[in-house]
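# Inside the fold
The chain contents come next:
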Amino acid sequence: MEIDHKNIPKHIAVIMDGNGRWAKKIGKNRLFGHQNGVKAVRKLIEESARLNISYLTLFAFSTENWDRPKKEISTIMKLIVLVLKKELSTMMENNIKLETIGDLKKLPENVKSSLKETVNKTKKNNRLTLTIAINYGGKEDISNAFKLLLEKVKNNIISPKKIDELIINNHLYTRNLPDVDLLIRTSGEQRISNFLLWKIAYAELYFSNVLWPDFNEKCLHDAIISYQNRERRFGKTSEQIK
Ligand code: IPE
Ligand code: IPE
Ligand code: MG
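Everything quoted here is computed from the prediction, not taken from an experiment. Residue positions are given per chain, counting from 1 as you read along its sequence in written order. Lettering of chains starts at A and numbering of ligands starts at 1, both following the order in which they are written. In view of the model being predicted, local features appear only for residues whose pLDDT reaches at least 70, and side-chain atom pairs are presented and counted only at 80 or more, with totals across whole chains, interfaces and linings using the full set of residues. Just so you know, side-chain values use all the structure's heavy atoms and leave hydrogens and water out.

### Re the overall build of the chain
For the chain, the helix and strand inventory stands at 8 helices and 6 strands. Helix numbering and strand numbering both begin at the N terminus, where a helix is a DSSP run of H or I of at least 4 residues and a strand a DSSP run of E of at least 2. In the chain, the succession of helices and strands from N to C terminus is β-α-α-β-α-β-α-β-α-α-β-β-α-α. Computed over the C-alpha atoms, the radius of gyration of the chain is 19 Å, within 12% of the 18 Å expected from 2.2 N^0.38 for a compact globule of 242 residues. C-alpha atoms of the chain, sized along the principal axes, occupy 60 × 50 × 35 Å. Whether two residues are in contact is decided by their heavy atoms: any pair within 4.5 Å suffices. Expressed as a percentage of contacts within the chain between residues at least 6 apart in sequence, the contacts between residues at least 24 apart total 75%. Total accessible area on the chain stands at roughly 13300 Å², and carbon and sulfur atoms take up 52% of it. Positive residues here are Lys and Arg, negative ones are Asp and Glu, while His and the chain termini are left out of the count. By convention, the charge on Lys lies at NZ, on Arg at CZ, on Asp at CG and on Glu at CD. Of the charged side chains in the chain, 42 are positive and 28 negative; the average position of the first set lies 4 Å away from that of the second. When we talk radius of gyration, it's over C-alpha atoms, and the globule rule is simply 2.2 Å times the number of residues to the 0.38. Under the convention used here, a 1.4 Å probe and the Shrake-Rupley method define accessible areas, while residue burial counts only the protein chains that appear.

Here it is, written out as structure tokens:
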């Protein structure tokens, strides 16, 4: 089956999972897995731009990932800085704009500055919005929105009666992103792991058994083709859709 270029998901989110198991399988340590995961990230970004996907959101580091061994955390942080440096030219060539979601305050200074710099340099690009979720948790996103909103209620900027889905949305890190159309998770795990809770309310879920470093263009095509063969009813009946 071929991709239908008239029905490309507007927003794809990816839980890039399985780096550690990929490495273990070939007798290497987990860090080697993360290093090889980087190549799959590049392939995914370039192919997404080529397919005219408007929004690609990648889960790079969760609020729970701080519980991993220190050495692994620092390797992931170093790789993030390296990728940003290496991929800046790819982002400029492909007209890709970088955004971040998550609480950046807790990140090492060099990661923060590298992120800010790349966001700034790519801010005029408008073909694909690439959002990196770092120190991101869906629950933290929602509780942070509560904090911001309640502060406004306290200061009489917003009346509690006015609070609706749009207002809540506008206080999330993900406020500028459309709802996710297709959520991909690799490595065979079938869970959300606290990713984008609000924006995946009506996402189509796609689970691949491929371990992240092996994820390539063909894997992305397979996910999109699966998405295109689903009927998205949004609460309506099948007859209403046709
Ligand atoms: C995903 O791969 C990458 C991050 C969470 C940063 P894992 O490191 O979770 O790999 P597995 O799940 O242990 O194989
Ligand atoms: C989710 O993967 C986080 C990222 C891909 C960054 P994990 O490997 O941390 O998720 P769990 O712990 O298996 O649920
Ligand atoms: Mg994992």
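### As for the nonpolar core
In terms of nonpolar packing, the biggest core is built from 43 residues, with Ile12, Val14, Leu56, Leu58, Leu130, Ile184 and Ile224 touching the most fellow members. Setting aside anything within four residues of it in sequence, one finds Leu130 in contact with Ile45, Leu56, Leu58, Met91, Ile96, Lys97, Leu98 and Glu99. Nonpolar core, defined: a set of buried Ala, Val, Leu, Ile, Met, Phe, Trp, Tyr and Cys residues in which side-chain atoms within 4.5 Å join the residues together. Each residue is placed in one exposure class: buried if its accessible area under a 1.4 Å probe, protein chains only, is under 20% of its type's maximum, exposed if it is over 50%, and partly exposed if it falls in between. Core analysis: the second largest hydrophobic core is formed by 13 residues, Tyr173, Phe195, Ile200 and Ala203 among them.

### Concerning the side chain of Asn135
With respect to the helices and strands, Asn135 occurs in strand β4 (residues 128-136). When its relative accessible area of 5% is taken as the criterion, Asn135 is described as buried. As used in this structure description, the phrase polar contact means that two N or O atoms lie within 3.5 Å; if the pair is within protein, one of them must be able to donate a hydrogen and the other to accept it, and residues adjacent in sequence are counted only when both atoms belong to side chains. Reaching out from Asn135, the side chain makes a polar contact with the side chain of Trp66 at a distance of 2.9 Å. Within the local environment of Asn135, its side chain forms a polar contact with the backbone oxygen of Asp103, the two atoms lying 2.8 Å apart. Not counting residues up to four positions away in its chain, the partners in contact with Asn135 are Phe61, Ser62, Thr63, Trp66, Gly102, Asp103, Lys106 and Leu107.

### Focus: the site of ligand 2
Working definition: residue near molecule or strand if any one of its non-hydrogen atoms lies within 4 Å of it. Close to ligand 2 lie Ile15, Met16, Asp17, Phe59, Ala60, Phe61, Asn65, Arg68, Arg185, Arg191 and Ser193, which account for all nearby residues. A distance of 3.2 Å separates an oxygen atom of ligand 2 from a polar side-chain atom of Asp17. Separating an oxygen atom of ligand 2 from a side-chain N or O atom of Asn65 is a distance of 2.9 Å. For ligand 2, whose unbound accessible area comes to 390 Å², protein coverage reaches 78%. At 3 residues, the largest contribution of residues to the shell around ligand 2 is made by strand β2 (residues 55-62). Across the shell around ligand 2, the residue classes break down as 5 nonpolar, 2 polar and 4 charged. In this classification, Asp, Glu, Lys and Arg are treated as charged, Ala, Val, Leu, Ile, Met, Phe, Trp, Tyr, Cys and Pro as nonpolar, and every other residue, Gly included, as polar.

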